[in-house]
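Analysis of the macromolecular model
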Amino acid sequence: MSTLSVFLDVPPAQKLDGLFLKTYKQDDSPNKIFLAYRVCMTSEGQPWVSSVVHKTRLQIAQDPSLNYEYMPVKGMKSFIQASLELLFGKHSQVIMENRVGGIHTVGDSGAFQLGAQFLKTWRQDSQIVYIISSQKEHYGLIFQDMGFTVYEHCFWDSKQLRMDPNILLNVVKQAPRGCVFVIGNIGNCKLTQYQWEKLIATMKKKQIFPFFDIPNQGLSTGDLEEDSRFLQYFVSGGLEFFCSQSLSKNFGIYDEGVGLLVVVALNNQLLLCVLSQLVKLAMALWLNPPTSGARIITSILCNSAVQEAWKQSLKDIVEDIVLIKEKVKEKLRLLGTPGSWDHITNQNGTHCYLGLNLQQVEYIVKKKHIYIPKNGRINFTCINACNIDYITESINEAILFTKGSRNLSSESK
């Protein structure tokens, strides 16, 4: 007699990630190029890893004195302290006043998982979350799954081809009192001193709780302090906030998924209460965080010479990104490609918008086998001396071809 499965009514989930890469891998074109990798790539087309990470990993593996006991639920104390000093500066106001702390989190989204769980429990009067970033972020799903009402916005203006800080200011102005406001990649949205003051004053007046995402400190401008400087405005403004600090990308240890949920409170007493509740929630989520990535990062940050070598490796990769953007812009100019391409060099970081419309992206993917996300935001570290000519010529061809508003989708049917 057959037994009915308890999973009989479970449908397959809609694929959210990986399908685009799978299509690329199945493409048999010799010219295929993938420009949507999340990680930094080398000129040889391999994931970038800071040179000091390789050495540190070997040293740790050969250290006979290491204890492989479970990590405390909160995480390694030295790792948390080093990470906070990296984010705010060793002698920053918030560290000196002992009102910032952190919980070691698992994976790139662990901090949002933990933070959202805390807010769901302890801010029951505010179940509305606004998310604004330079692109659609994955953590919207985390808040949605927990029952929050989520509104998502992007401060990239596709018509003006720029990051528009006024979009951010207007969304804050419209947001309801007491909501949670998640801000990602704000460093690319260049606010003036007056705009920062206006933003903080509005948030304070409406008791909006900020939750920042810092996924790749140091890979935006090449300057670690500059990439996190905006946090000082909120500290000085007397705001409490959460911050997701991911440390996988800027060290090149993507498979470790190392991060921190950072908490800034008004005083130490409040901070300790929040951290105690977060530890309780972390016990239910993952109990003990993994040690490998945290040990690598701590070893690098706690050795001044090694830390300087790591910082230099970040500067080197950012200089390479700036150079490749300049080359792309210049090659498009020499090809006589219609439009201005200054927006490419005006954007910071590894991932930037090309400024192409959906029809042009579609042409490049289908006709030229260059895999670009629908929003046209590509990873510039994927462009190198071997493929830059083909990529820029393809962009030029796509723009000229679609100038007459021909519909590629209907043509391919």
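The structure contained in this document is the topic of the report that follows. All values reported here derive from a predicted model rather than from experimental measurement.

Here's the deal with the overall build of the protein chain
Secondary structure assignment for the protein chain yields 17 helices and 13 strands. Here the C-alpha atoms of the protein chain give a radius of gyration of 23 Å, agreeing with the 22 Å that 2.2 N^0.38 yields for 413 residues. The burial tally for the protein chain puts 49% of its 413 residues in the buried class. Contacts in the protein chain between residues far apart in sequence, at least 24 positions, make up 74% of those at least 6 positions apart. Accessible area of the protein chain: about 20900 Å², with a carbon and sulfur share of 53%. Between the mean site of the 42 positive side-chain charges and the mean site of the 37 negative ones, the protein chain shows a separation of 5 Å.

Remarks on the pairing of strand 9 (residues 241-246)
Along strand 9, 6 of the 6 residues are buried, which leaves the element largely enclosed by surrounding structure. The two faces of strand 9 match: Phe241, Cys243 and Gln245 on one face and Phe242, Ser244 and Ser246 on the other face are all buried. Relative to strand 9, strand 8 (residues 209-214) runs parallel, the two sharing 4 bridges. Considered in strand 9, the bridge of Phe211 is made with Phe242. The sheet contact formed by strand 9 and strand 10 (residues 258-264) spans 6 bridges and is antiparallel. Across the sheet, the residue bridging to Phe241 is Val264, located in strand 10.

Some details on the packing of aromatic side chains
On inspection of all chains with the given rule, the structure shows 26 aromatic pairs. Ring geometry for Trp196 against Tyr233: centres 5.0 Å apart, planes inclined by 15°, an arrangement best described as stacked. You can see Trp196 sitting in helix 8 (residues 193-205) and its partner Tyr233 sitting in helix 10 (residues 230-236), a full 37 residues away along the chain. Residue Trp196 is classed as buried on the basis of its relative accessible area, which comes to 7%. When the centroid spacing of 6.1 Å and the interplanar angle of 85° are considered together, the rings of Trp196 and Phe234 count as edge-to-face. Of the two residues, Trp196 sits in helix 8 while Phe234 sits in helix 10, which places them 38 residues apart along the sequence. Assessed through its relative accessible area of 0%, Phe234 is described here as buried. Connected via pairs of aromatic rings, a cluster forms that spans Phe112, Phe118, Tyr139, Phe143, Phe148, Phe209, Phe211 and Phe242.

Quick notes on the rules
- Throughout, a residue's number is its position along its own chain's written sequence, starting from 1.
- Only residues with pLDDT of 70 or above have their local features reported here, since the model is predicted, and side-chain atom pairs are shown and tallied only from 80 upward, although totals for entire chains, interfaces and linings are computed over all residues.
- To get the side-chain values, all heavy atoms of the structure are used, and hydrogens and water are removed first.
- To qualify as a helix, a DSSP run of H or I must reach at least 4 residues; to qualify as a strand, a run of E must reach at least 2; elements of each kind are numbered from the N terminus.
- The globule rule used here is 2.2 Å times the number of residues to the 0.38 power, and the radius of gyration it is set against is calculated over C-alpha atoms.
- For every residue, the accessible area (1.4 Å probe, protein chains only) is compared with the maximum for its type, and the residue is labelled buried under 20%, exposed over 50%, or partly exposed between those bounds.
- Contacts are residue-level and defined by heavy atoms, with any inter-residue pair within 4.5 Å sufficient.
- Here the Shrake-Rupley method, with its probe set to 1.4 Å, supplies the accessible areas, and only the displayed protein chains count as covering residues.
- His is not counted here, nor are the chain ends, while Lys and Arg score as positive and Asp and Glu score as negative.
- Charge positions are represented by NZ for Lys, CZ for Arg, CG for Asp and CD for Glu.
- Strand pairing requires that DSSP identify at least two bridges connecting the strands.
- Here a pair means two rings of Phe, Tyr or Trp (six-membered ring of Trp) with centres within 6.5 Å. Their orientation is stacked below 30 degrees between planes, edge-to-face above 60, and tilted elsewhere.

The values are spatial; any link to function lies outside them.
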